[in-house]
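Survey of secondary and tertiary structure
Take a look at the letters that make up each chain.
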Amino acid sequence: MPTVSKENYLKTIWHLQYEGQSPIAARLAEELAVSPPAVTAALKRMAKEGYVKVGPQGRILLTAKGKRIAVTLVRRHRLVEKLLADVIRMPWYRVHEEAEILEHAISPELERCLVSLFGREGTCPHGYPLSVEAPREDRKGGVKILESAAPGDSLKIIRVHEKDQSFMEYLHRLGLRPGASFRVLERNYGGALVVEIGGRKTTLSREAVTKIWAAPA
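Residues numbered from 1 in each chain as written. Predicted model: local features only at pLDDT ≥ 70, side-chain atom pairs only at ≥ 80, totals over all residues. Heavy atoms only, no water.

The name that an unreviewed UniProt entry assigns to the protein is Transcriptional regulator MntR, with the source organism given as Tectimicrobiota bacterium. Word for word, the UniProt comment on the protein under Function (unreviewed entry) is "In the presence of manganese, represses expression of mntH and mntS. Up-regulates expression of mntP." UniProt lists a comment for the protein under the heading Sequence similarities (unreviewed entry), and it reads "Belongs to the DtxR/MntR family." (UniProt positions renumbered as here; feature names shortened; annotations may be inferred.)

Next comes the structure, spelled out in structure tokens:
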């Protein structure tokens, strides 16, 4: 079995591919907060062990073996998040960090129990599907990143970027979480959006609107 460190590499590569980014060593170093030489050494070991391949221009590809491990880890992560939020009642904006630790300790038997409890068709508290290999919603149409919204759009949040707890706490204070409906009022210079939710107006920065995905309400 791969170490926790290798599992984190595989999961990060999978996430970059999922979000349409090109997995390269420099991006992995940034995402995992490790040095570029450490990433290079880790990738060499993982390539020898059959988890990854390094393609043209340094693009990192998961092998079937590596992808299988990454998908399992992502699924367990989302199931743990749902357990923490729906059963234990931990605030939705705090469950990601806990799941990062617990996902590595989930056994196949416990995973089956969690799937039986929650089903396969729901989402984690941040809006990502429990059925990990299902097509991403925006690939099916309708869902778009919020920075592309126009004044007058009535929208519902589908998912939010889950790796920044302070950002999620900020959204929580505004009442903006997956499932919440709101209306776009105007776009300011620089790309910030003025939105209305629950009768209140607030301005979302250019950075914030790149971390939220929404669909017509």
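Looking at the pairing of strand β7 (residues 200–204)
In this sheet, β7 lies alongside strand β6 (residues 193–197) in antiparallel orientation, the contact comprising 5 bridges. Its bridge partner being in β7, Ile197 is matched across the sheet by Arg200. (Pairing = 2+ DSSP bridges. Helix = DSSP H or I, 4+ residues; strand = E, 2+ residues; numbered from the N terminus.)

Topic: helix α5 (residues 95–102)
Listed in full, the buried residues belonging to α5 are Val95, His96 and Ala99. Down the axis of α5, the smallest arc covering the buried residues is 95°, so these residues share one side. Packed against the buried residues of α5 are α4 (64–87). (Buried < 20%, exposed > 50% of the residue type's maximum accessible area, 1.4 Å probe, protein only. Arc of directions from axis to C-beta. Contact = heavy atoms within 4.5 Å.)

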